[in-house]
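What follows is the residue order along each chain.
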Amino acid sequence: MAASKVQPNNTSTLENIPAPSHQYPSPTSGASLLLAFKPAPSHRRTFLIIGSNNLAAVRAFAALEAGYHVVISDEGNVGDVACEEVRWRVQMRQVEWRCLASPRTRVTTAGCTVVDEEDVTAVEDLLDGF
């Protein structure tokens, strides 16, 4: 089977996002974001979040407030898989959406998650865009 490919950000999918039930706070840039001892270089401040649930929304908001360009990636279209706040932030163009090809992972009997080579290739393809 061919390696998974990342689908480019497609603004036409914004029209297909269901309307949120309410608005969310707008981030105010300049807040602190302590995630690593080495700060991001000022010329390349992109924050990648893999997953689009409520935790991803919280992380995206914190990164936006710290002045990062936020890219959220998950399998499928934003309107199908993302939580309401992530959909809203994509629709408001506060964050960028990148569709990641569907991962194929499995959990072994020991409870360890095994990621196959196509998953690694899909993430590498996604990161090549940065």
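Overview of the structure. Computed from a predicted model, the values in this text were never measured in an experiment.

Focus: the overall build of the protein chain
Link 1 in the chain: Looking only at helices and strands, the protein chain features 4 helices and 5 strands.
Link 2 in the chain: Beginning at the N terminus, the succession of helices and strands in the protein chain can be written as β-α-β-α-α-β-β-β-α.
Link 3 in the chain: Residues counted as buried form 32% of the 130 residues belonging to the protein chain.
Link 4 in the chain: Expressed as a percentage of contacts within the protein chain between residues at least 6 apart in sequence, the contacts between residues at least 24 apart total 65%.
Link 5 in the chain: Here the protein chain has roughly 8,200 Å² of accessible surface; of this, 53% comes from carbon and sulfur atoms.

Quick word on the pairing of strand 2 (residues 69-75)
Link 1 in the chain: Burial analysis of strand 2 places 5 of its 7 residues in the buried class, which makes it a mostly covered element.
Link 2 in the chain: For strand 1 (residues 46-50) and strand 2, the ladder comprises 5 bridges, and the chain directions are parallel. Pairing of isoleucine 50 across the sheet is with serine 73, part of strand 2.
Link 3 in the chain: What joins strand 1 to strand 2 is helix 1 (residues 54-65), and the crossover it makes is right-handed.
Link 4 in the chain: The sheet contact formed by strand 2 and strand 3 (residues 96-100) spans 5 bridges and is parallel. Each residue of the ladder has a partner; that of aspartate 74, found in strand 3, is cysteine 99.

Thoughts on helix 1
Residues spaced three or four apart along an α-helix point in a common direction, a consequence of the helix completing one turn every 3.6 residues.
Link 1 in the chain: Look at helix 1: 17 Å from first C-alpha to last across 12 residues, which is about the 16 Å you get at 1.5 Å a residue.
Link 2 in the chain: When we look at burial in helix 1, the residues that qualify are Ala56, Ala57, Ala60, Ala63 and Leu64. Viewed along the axis of helix 1, the buried residues span an arc of 130 degrees, placing them on a single side of the element. For helix 1, the exposed residues lying more than 90 degrees away from the buried face are Asn54 and Val58.
Link 3 in the chain: Considering only its buried residues, helix 1 is in contact with strand 1, strand 2 and helix 3 (84-91).

Brief notes about unusual backbone geometry
Link 1 in the chain: Phi is positive for arginine 93, close to 60 degrees, though the residue is something other than glycine.
Link 2 in the chain: Of note, arginine 93 is situated in the loop between helix 3 and strand 3.

Parameters at a glance
Residues numbered from 1 in each chain as written. Predicted model: local features only at pLDDT ≥ 70, side-chain atom pairs only at ≥ 80, totals over all residues. Heavy atoms only, no water. Helix = DSSP H or I, 4+ residues; strand = E, 2+ residues; numbered from the N terminus. Buried < 20%, exposed > 50% of the residue type's maximum accessible area, 1.4 Å probe, protein only. Contact = heavy atoms within 4.5 Å. Areas by Shrake-Rupley, 256 points an atom, 1.4 Å probe, with all protein chains shown as cover. Pairing = 2+ DSSP bridges. Right-handed = clockwise from strand over helix to strand, strands pointing away. Expected span 1.5 Å × (residues − 1). Arc of directions from axis to C-beta.

Purely spatial values, then, with no claim about function.
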